[in-house]
Amino acid sequence: MSSILETVELSFSYPGTNTEALHKLNLRIPEGKKTAICGHNGSGKSTLFLQAIGINSPASGQVLWKHAPLSYTSKELKQLRQQVGLVFQDPEQQLILNTPFEDVSYGLRNAGIAEVQIQQRTKEMLQTMRLEHLAHTPIHHLSLGQKKRVALAGVLVLEPELLLLDEPTAYLDRISEQQLVQELERIHKRGVTLVMATHDMNLAYSWADWILIMEKGQCIMEGTPYDIFSDPAAILGLGLDMPMLLDIWHALPAAIRQEKGMLPPRSVEEFKTLTQKIFA
Ligand SMILES: Nc1ncnc2c1ncn2[C@@H]1O[C@H](COP(=O)(O)OP(=O)(O)OP(=O)(O)O)[C@@H](O)[C@H]1O
Ligand SMILES: [Mg+2]
């Protein structure tokens, strides 16, 4: 599996602290996949993302973009950030302009896109994120979930090669989450590599095709959703939840599940189909 972004023995401490937020971290983001990064509060997920776009640089070790170490000159960082987009965990850190329309069009203008296209793409993206009625409302009048959707819109519209989403569904209601997942699907089909840091194990399980688990600044597990959740004791031992669908699936008698040789369901629809087969 070819990796688009990689860390090698990456260590980093924030200024004024004496603990390492990342400790000799070795991790690979597979190209063209949907990767979920899970781990409890403080395990280093956001710190990793800040390293990935060169906002912070390593104390030791390296970050590799397409197999080459990052260079921290402003020219190369600018190029890197045209290829790698990050949606911050906290939308307040991301939004700089006065209104959603201005904020979303800003990135496109920076990328040198023609004005007609900027207007068109901004409008479409605001519609996708259900923000058209707020397009010209001052950002400080928006709710947290609305701000998060503006922040997502501003990065999604740029369609970078690698999209890093830090807790993208935090603060979002059900409909906004579904719309986001649909939009990510569309972007992924166009070849964009997606990475999402999330506490939502249900989402990680159903959405990702590769999962990394972080703990104390290290990556301690990696694999497909089936691999990762095949050992519930290990997951619970890390203070993480099992996906609810898998919990229910495992509550069915093993003989039935195994007899039919079925892979566990990853969506409610799959669950319904499988149980109908079992009990038919
Ligand atoms: N700006 C900062 N200054 C000092 N220490 C920080 C700062 N940001 C994070 N840390 C520390 O770095 C470690 C990793 O934090 P990080 O924010 O990367 O975790 P996380 O996995 O993203 O957590 P969460 O799930 O809460 O978002 C923690 O111990 C945290 O206290
Ligand atoms: Mg975080």
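Coordinates for the structure precede this section.
In this text the structure is predicted, and so the values were computed from the model without any measurement.

Under the criterion given, the structure shown has 9 salt bridges. Notably, a salt bridge pairs R186 with E183, separated by 2.8 Å at the nearest N-O pair. Note that R186 and E183 are positioned in helix α7 (residues 174–189) at a spacing of 3 residues, about one turn of the helix. Linking K272 and E269 is a salt bridge whose minimum nitrogen-to-oxygen distance equals 3.5 Å. Residue K272 and its partner E269 are both found in helix α13 (residues 268–279); the two are separated by 3 residues, about one turn of the helix. Residues participating in the shared-partner salt-bridge network are E159, E183, R186 and R190.

A few words now on the coordination of the magnesium ion (ligand 2). Around the magnesium ion (ligand 2), the protein supplies S46 (OG) and Q89 (OE1) as donor atoms, at distances of 2.0 to 2.2 Å. With a gap of 43 residues between them, S46 in helix α1 (residues 45–52) and Q89 in the loop between β6 (84–87) and α3 (91–94) connect regions that are remote in the sequence. Residue classification places S46 among the partly exposed residues on the basis of a relative accessible area of 23%. Its relative accessible area of 37% is what places Q89 among the partly exposed residues.

Looking at ligand 1, there are 13 residues lining it, with N41, G42, K45, T47 and H199 nearest. Between an oxygen atom of ligand 1 and a side-chain N or O atom of N41, the distance comes to 2.9 Å. One nitrogen or oxygen atom from the side chain of S46 is found 2.9 Å from an oxygen atom belonging to ligand 1. For ligand 1, whose free accessible area comes to 630 Å², the fraction covered by protein is 61%. Looking at side-chain class alone, the shell around ligand 1 contains 2 nonpolar, 10 polar and 1 charged residues.

Contact pair helix α4 (residues 100–110) / helix α6 (residues 144–156): the axes reach a minimum separation of 8 Å and the direction vectors enclose 25°. As summarised for this structure, α4 and α6 are arranged roughly parallel, according to the angle between their axes. Pair α4 / α6 crosses with right-handed handedness. Residues P100, D103 and V104 of α4 touch α6, and the partners they reach there are V150, A153 and G154. Here the residues of the contact of α4 with α6 sort into 4 nonpolar, 1 polar and 1 charged.

Reading guide: rules and limits
- Residues numbered from 1 in each chain as written.
- Chains lettered and ligands numbered in written order.
- Predicted model: local features only at pLDDT ≥ 70, side-chain atom pairs only at ≥ 80, totals over all residues.
- Heavy atoms only, no water.
- Salt bridge = Lys/Arg side-chain N within 4 Å of Asp/Glu carboxyl O.
- Helix = DSSP H or I, 4+ residues; strand = E, 2+ residues; numbered from the N terminus.
- Donors = N, O, S within 2.8 Å, 3.2 Å for Na, K, Ca; no water.
- Buried < 20%, exposed > 50% of the residue type's maximum accessible area, 1.4 Å probe, protein only.
- Near = heavy atom within 4 Å.
- Polar contact = N/O pair within 3.5 Å; in protein donor to acceptor, adjacent residues only side chain to side chain.
- Areas by Shrake-Rupley, 256 points an atom, 1.4 Å probe, with all protein chains shown as cover.
- Nonpolar A, V, L, I, M, F, W, Y, C, P; charged D, E, K, R; others polar.
- Axes fitted to C-alpha atoms, helices over the stretch in contact; angles between N-to-C directions.
- Parallel < 35°, antiparallel > 145°, perpendicular 65-115°, else oblique.
- Left-handed = near helix turned anticlockwise from the far one by under 90°.
- Contact = heavy atoms within 4.5 Å.

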